[in-house]
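# Chains, contacts and geometry: an overview
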Amino acid sequence: MPRRPVNVHSAYHAHVYFDASSVAQARALCEHAGRLFKVAVGRVHEKPVGPHPRWSCQLAFSAAEFDSIVPWLDAHRGELDVLVHGVSGDDLKDHTDHAAWLGREWPLDLRQFQAAPTAKDAR
């Protein structure tokens, strides 16, 4: 069972995942969240971007909004999946140790956050 989001950071991102059949639902959810809460609504990406394996839209918010927006997202997401993670400045930890899910957990492509091996590592 996926880990549930916990409010322990000062800032957060929620990535709403969708596909061609649910893009209108995702767009409406993100726009509604933007009207109801103090969140920054990012672009609706109709392709995988960054570590995200699905189309997504990012919501950025503070710890002050967390206890309102996360339960609201869970109650209104329908069949959409949402990655919620803290923003600590360490992208790898944010997308692994500081990440939790509403709905299905998707495997992320974390290669961009992992340091390339050095000559010293190869020894």
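Read on for a plain summary of the structure.

Definitions and cut-offs
- Residues numbered from 1 in each chain as written.
- Predicted model: local features only at pLDDT ≥ 70, side-chain atom pairs only at ≥ 80, totals over all residues.
- Heavy atoms only, no water.
- Pairing = 2+ DSSP bridges.
- Helix = DSSP H or I, 4+ residues; strand = E, 2+ residues; numbered from the N terminus.
- Axes fitted to C-alpha atoms, helices over the stretch in contact; angles between N-to-C directions.
- Parallel < 35°, antiparallel > 145°, perpendicular 65-115°, else oblique.
- Left-handed = near helix turned anticlockwise from the far one by under 90°.
- Contact = heavy atoms within 4.5 Å.
- Nonpolar A, V, L, I, M, F, W, Y, C, P; charged D, E, K, R; others polar.
- Expected span 1.5 Å × (residues − 1).
- Buried < 20%, exposed > 50% of the residue type's maximum accessible area, 1.4 Å probe, protein only.
- Arc of directions from axis to C-beta.

The next thing to look at is the sheet that holds strand β5 (residues 99-102). Here we have five strands laid out as an open sheet, ordered β2-β3-β1-β4-β5, and antiparallel in their pairing. Each edge of the open sheet carries a strand with a single partner, namely β2 (40-45) and β5. Pairwise comparison of adjacent strand axes, ignoring direction, gives a mean angle of 20° for this sheet. In this structure, strand β1 (residues 11-18) lies alongside strand β3 (residues 55-62), joined through eight bridges in antiparallel fashion.

As a further point, take the packing of helix α1 (residues 23-36) against helix α2 (residues 63-76). Two elements in contact, α1 and α2, have axes separated by 11 Å at closest approach and are oriented at 150°. In this view, α1 runs roughly antiparallel relative to α2, as classed from their interaxial angle. Viewed along their axes, α1 and α2 form a crossing whose handedness is right-handed. Counted together, Leu 29, His 32, Ala 33 and Leu 36 of α1 and Ile 69, Trp 72, Leu 73 and His 76 of α2 form the full contact between these two elements. Residues of the contact of α1 with α2, tallied by class, amount to six nonpolar, two polar and no charged.

Right, let's talk about α1 for a bit. For α1, built from 14 residues, the straight-helix expectation of 20 Å at 1.5 Å per residue is met to within 8% by its first-to-last C-alpha distance of 20 Å. Buried within α1 we find Val 23, Ala 26, Leu 29, Cys 30 and Ala 33. When α1 is viewed along its axis, its buried side chains cluster within an angular range of 130° and face the same direction. For α1, the exposed residues lying more than 90 degrees away from the buried face are Ala 24 and Arg 35. Tucked into the core, α1 has its buried residues touching β1, β2, β3 and α2.

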